[in-house]
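Fold and geometry: a report
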Amino acid sequence: MQRWRGLEEIPGDWGRSVVTIGSFDGVHRGHQLIIGRAVERARELGVPAVVVTFDPHPREVIRPGSHPPLLAPHPRRAELIAELGVDAVLVLPFTTEFSQESPETFVRQVLVDALHARVVIEGPNFRFGHRAAGNVELLGELGRADDFEVEVVDLQVCGTAGDGEPFSSSLTRRLVETGDMAGANEVLGRPHRVEGVVVRGAQRGRDLGYPTANVDTVPHSAIPADGVYAGWLTADGERMPAAISVGTNPTFDGTTRTVEAYAIDRVGLDLYGLHVAVDFLAYLRGMEKFDSIDALLDRMADDVKRARELTDGI
């Protein structure tokens, strides 16, 4: 899959294509429907499928300080999109100047002149241009004038998550924030992931017999609620069952919120400085302050046992 940052990186000989546009944070099951349809139409027409997205998140530019927690940083988002069969991802730098472009200018510069869109696939609530003035009706009018088709896909997927609320990135963030990993993972179609570099911490886990990878997470990451989770730690391409702690270590009067993962039954791992991924499968319990180290160790042993059972064979 080709990856471009900015219109100037698109090859000069780029031909017609099928395009879909959006933030696609998390690439959840609703996103998968719309991207999958774009790939399907591209294969039917014998042209490439292109996903257009933005960096930073538009909210951060329009209302500084309001950047939402990210379900997937851009490199991970590109990986997930590539798995759906997309041929190219175009990341457009979202600036104040860009945010002030009219819908007509956006369509002309991006869809017509740069990507030579033959078909544009969007959801019914798609908005674009200055003050989100453009909608799918206007996009259809512009398409008729500029020789591209607009197809609107119903991406309203529902399940048990959020009491049947339609799947969305905002719903997923709320579920992650409350520690509802079963719900979040239903929306995503996979375990929620947090990434970052392993850094040195207080090393209490090592002293207690449970050495953990202390993950310095990517900025704006959607971190689950404080507590203990079952999941996996992936480093250097190896996926290892893990017991994961999120919180401030109240037993030791900690004040810094951390994400720490213990790779179950692994001895002698040296992960410092590595970029790792932590996948959250299930919530085990809330964060607790224990009266003694022995009580903490007993609970940690139980956490590891439950995490091992939940991840076994998955």
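Rules behind the numbers
Residues numbered from 1 in each chain as written. Predicted model: local features only at pLDDT ≥ 70, side-chain atom pairs only at ≥ 80, totals over all residues. Heavy atoms only, no water. UniProt positions renumbered as here; feature names shortened; annotations may be inferred. Helix = DSSP H or I, 4+ residues; strand = E, 2+ residues; numbered from the N terminus. Buried < 20%, exposed > 50% of the residue type's maximum accessible area, 1.4 Å probe, protein only. Contact = heavy atoms within 4.5 Å. Areas by Shrake-Rupley, 256 points an atom, 1.4 Å probe, with all protein chains shown as cover. Polar contact = N/O pair within 3.5 Å; in protein donor to acceptor, adjacent residues only side chain to side chain. Salt bridge = Lys/Arg side-chain N within 4 Å of Asp/Glu carboxyl O.

The name an unreviewed UniProt entry gives the protein chain is Riboflavin biosynthesis protein, with Kitasatospora xanthocidica as the organism. Entered under Sequence similarities (unreviewed entry) in the UniProt record, the comment concerning the protein chain runs "Belongs to the ribF family." Taken directly from UniProt, the Function (unreviewed entry) text for the protein chain runs: "Catalyzes the phosphorylation of riboflavin to FMN followed by the adenylation of FMN to FAD."

Turning our eyes to something else, we now look at the overall build of the protein chain. Secondary structure assignment for the protein chain yields 10 helices and 12 strands. Overall size of the protein chain, expressed as C-alpha extent along the three principal axes, is 75 × 40 × 40 Å. Looking at the 314 residues of the protein chain, the share that counts as buried comes to 50%. Across the protein chain, the fraction of contacts at a sequence separation of at least 24, relative to all contacts at a separation of at least 6, is 70%. A total accessible area of about 14600 Å² is found for the protein chain, and carbon and sulfur atoms account for 48% of it.

Further remarks concern the environment of valine 259. Its location among the elements puts valine 259 in strand E11 (residues 258–263). On the accessibility criterion, valine 259 (4% relative accessible area) is buried. Distance in space between the C-alpha atoms of valine 259 and valine 198 is 9.9 Å, their sequence separation being 61 residues. Ignoring any residue separated from it by four or fewer positions in sequence, one finds valine 259 in contact with Ala213, Asn214, Val215, Thr217, Ile223, Ile244, Ser245, Val246 and Phe280.

On to the environment of threonine 53. Tracing the sequence through the fold places threonine 53 in strand E3 (residues 49–55). Each residue touching threonine 53, except ones within four places of it in the same chain, is listed here: Gly22, Ser23, His74, Arg77, Val89, Leu90, Val91 and Leu92. A distance of 3.0 Å separates a polar atom in the side chain of threonine 53 from the backbone oxygen of glycine 22.

Turning next to the pattern of salt bridges. Inspection of every chain in the model, using the stated rule, returns 23 salt bridges. With a closest N to O distance of 2.8 Å, arginine 41 and glutamate 151 form a salt bridge. One end of the pair, arginine 41, is in helix H1 (residues 29–45); the other, glutamate 151, is in strand E6 (residues 149–152), with 110 residues separating them in the sequence. What makes arginine 41 buried here is its relative accessible area of 10%. The salt bridge involving glutamate 288 is made with arginine 285; its shortest N-O contact spans 3.6 Å. For arginine 285, a relative accessible area of 10% corresponds to the buried category. Each of Arg37, Glu40, Arg41, Glu44, Glu149 and Glu151 takes part in salt bridges that share partners, so that together they form one network.

Attention now moves to helix H6 (residues 136–146). Of the positions making up H6, those classed as buried are Val136, Leu138, Leu139, Gly140, Leu142 and Gly143. Buried residues in H6 make contact with helix H5 (103–114), strand E5 (117–122) and E6. A side-chain oxygen of the first residue of H6 lies 3.2 Å from the backbone nitrogen of glutamate 137; this N-cap is asparagine 135. Looking one or two places after H6, you find aspartate 147, whose phi comes out positive at around 65°.

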